[in-house]
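Analysis of the macromolecular model
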Amino acid sequence: MRLRNRGKSVDTGRNFRLPSQAAGTECRKEDHPLIEVQRLTKRYGKHTAIENLSFTVGKGEIVGFLGPNGAGKTTTMNIITGYISASEGSAVVAGYDILEHPREVKRAIGYLPEAPPLYPDMTVEEYLSFAARIKGVERGNRRGKLDSVVDRVRINDVRGRLIKNLSKGYRQRVGLAQALIADPEVLILDEPTIGLDPKQIVEIRNLMRDLGRERTVILSSHILPEVTAVCRRVLIINQGRIVAEDTIDNLSAGLSGPRRLNVRVAGGEHDVLAVCRALPAVKTVKCTGSLEAGTVELYIEAAEDRDIRKILFRSFAERDLPILMMRSADANLEDVFLRLTTEERREPNHD
Amino acid sequence: MINVFTRELAAFFKGITGFVFMGIFLLITGIFFTTDNLIPQSPDYVRVLGGISFVFLVVVPILTMRLFSEERHQKTDQLLLTSPLSITGIVLGKYLAAVAVFLTTLIFTLLYPLQLSLVGTISVSEIGGGYVGILLLGCAFIAIGLFVSSLTESQVAAAVVTFGLLLSMWILDLLQQGLPADRISGFVFALLIVLAAGVFLYTTIRNLLVAAAAIALCCGIITVLFILRPAGFDGLIVRVLKWFSLLSRYRDFTRGLLKLSSVVYYLSFSAAFVFLTVRSLDSRRWK
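We now turn to the structure provided with this report. (Residues numbered from 1 in each chain as written. Chains lettered and ligands numbered in written order. Predicted model: local features only at pLDDT ≥ 70, side-chain atom pairs only at ≥ 80, totals over all residues.)

1. With respect to the sheet that holds strand E8 (residues 216–221) of chain A
All names here are of chain A. Counted only if it meets this: Strands qualify as paired when DSSP identifies two bridges or more between them. Where helices and strands are cited, they refer to DSSP runs of H or I of at least four residues and of E of at least two residues respectively, numbered from the N terminus. Note on method: axes are straight lines fitted to C-alpha atoms, helices fitted across the in-contact stretch only, with angles between N-to-C directions ranging 0 to 180 degrees. It is the C-beta atoms, placed from the backbone, that decide contacts: two residues are in contact if theirs lie within 7 Å.
An order of E6-E7-E8-E3-E9-E10 is seen for the six strands of this open sheet, with the pairing classed as mixed. A single partner strand is all that each edge strand has here, and the edge strands are strand E6 (109–112) and strand E10 (241–247). Neighbouring strand axes in the sheet, compared pairwise and without regard to direction, differ in orientation by 15° on average. Where E6 and strand E7 (residues 186–190) come together, four bridges link them in parallel fashion. Opposite tyrosine 111, over in E7, you have isoleucine 188 as the bridge partner. Those strands touched by helix H1 (residues 73–80) are strand E3 (62–66), E7, E8 and strand E9 (233–238), and its axis lies near 150° from that of E7. Across the sheet, helix H5 (residues 168–180) touches E6 and E7, and the angle it forms with E6 is around 165°.

Structure representation (structure tokens):
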């Protein structure tokens, strides 16, 4: 279920493996996916913005779209929300196809586009009440909905102000309030923290995490820590294709074993290398220079999948060569992301 | 629709567009009223109404330029188009808001004939007819402006193009003498119209084969007609343009004539441009 588009994932290297199917069985076996996107393609003339994108999002999931600028995140979101149409493929939200039942789909979605769609000449209150009305919030509920949303995104103190006089952070929150006002099942947020200061970013992230508890959220970002902080599952998109799709835990799991190490040892290069070469557990060792006087920097790779840190420690200690620093040279999520998105496009491997 | 309508109406008077439109319109009609009625002490208000149709050229672009261009520029069209509103509802809401501003302004100008009626006799039927004509003409012009506004993100471009289109409508009447009136030119003209209609058909249904077949069929029919009854193509260009001329029909109204065909013409002209606007917004999603 999870790896519906396994055919399109690339071989991501040995220390980053897409998970086996077993990992995907933990939940939502019985419930129908809330968002189901199939073979979505969008072309602008000759340029292909997204190609054959397929994924599903289950009820109550909070999923991150990760990818560099121009990867096709916004295009995908614009298609799911019905703002633009796909050239090919289908998007089904809450059981309705966006082309056949656009109204039902739009009713189910709250969308915060990259630039919040705000009318500068309206006050926050007027704007939100307009948003509530066009989204079909019933007259009797409007007041209450508006109050609760304003409370939730903490814009109570600017309710009566003109939107054009608000700071970027407040505008973003008003945009979020607009997305929330009709209490949609699905929340789609395009780069929700872009242009905010660090404090606001933390606030918005906390808010998104809260929201993720009660509804389905898709959020896009080109900033990795943001996605790791908020989402439980990530889709990495590059050049209009999904290059990896997994839970955060699994993504990091493939990376955690310190099979490759950067080590700084005090001593002469010759001695140090001799120690390493004597160890059968070490596959390769390279001296990468010296950053402190009287020390060597080493790059060491373990022969098999085993932790060689203790062995290294003991061997160097025996020869009185103190290890000053040792850290994993394995790719972290950031490196995986970079590699996945900067590598030349490989042919899909049909495994 | 009603929500878009009220928001739009409020937006006209939150910014300056509504006031600029009303101000300029009332200023120029006021000048006409003063020079045509007050100073010469003439009760001939219909002349002023004739001048008003000219004022439209200048002020309608102001009224319509922001309708969709601003929306697109601010990216607020994303809010509207991803809400459960239908595109037709959005377009109609905006169109009717612009018409409402125009109607309100027009009601202000009723003060002029009212003043005249206090001191002299005025022809109620001519003035009434003139107002109906102006209202219909205004609706048609606003529909053109609405459509142009849906094509571009730039308000300035929308205003200039609308102005250009309205101006060419205005000079359409003057052009008629200079146009060729022979059979061949009529035939070519008919073919060109078929071609244009075919292109429009293609952009709507996106099926090259069907569009090409339709064009071929219509061209065939026209050729057959041309061979059988060549006299029918005499002066075709002028006749078509005359029929299309918004202003020549308007003159009927100011003579106190209320022709049903003209009313239908104006209303369908407006409806056609509103429909084109809906199509233009809808098709943008596919690009």
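Next comes the rest of the account.
2. Topic: the interface of chain A and chain B
Worth spelling out the cut-off: Three classes are used: nonpolar for Ala, Val, Leu, Ile, Met, Phe, Trp, Tyr, Cys and Pro, charged for Asp, Glu, Lys and Arg, and polar for all others, with Gly counted as polar.
At the interface, 22 residues of chain A touch 17 residues of chain B. Of all the secondary structure elements, the ones that give two or more residues to the side of chain A that touches chain B are helix H2 (102–108) and helix H3 (124–134) of chain A. Per-element accounting of the side of chain A that touches chain B gives the leading share, four residues, to H3(A). A breakdown of the residues in the side of chain A that touches chain B according to their chemical character gives 11 nonpolar, five polar and six charged.

3. Quick look at helix H13 (residues 246–254) of chain B
Residue and element names in this part refer to chain B. Where we set the bar: Three exposure classes are used. Buried residues have 20 or more other C-beta atoms within 10 Å of their own C-beta, exposed residues have 12 or fewer, and partly exposed residues fall in between, all C-beta atoms being placed from the backbone. The arc under discussion is defined with respect to the helix axis, by the directions toward the C-beta atoms.
Residues Leu246, Arg249, Tyr250, Phe253 and Thr254 constitute the buried set of H13. For H13, the buried positions fall inside an angular range of 155° around the axis, keeping them on one side. Elements that come into contact with the buried residues of H13 comprise helix H3 (46–64), helix H8 (124–149), helix H9 (155–175) and helix H14 (260–284).

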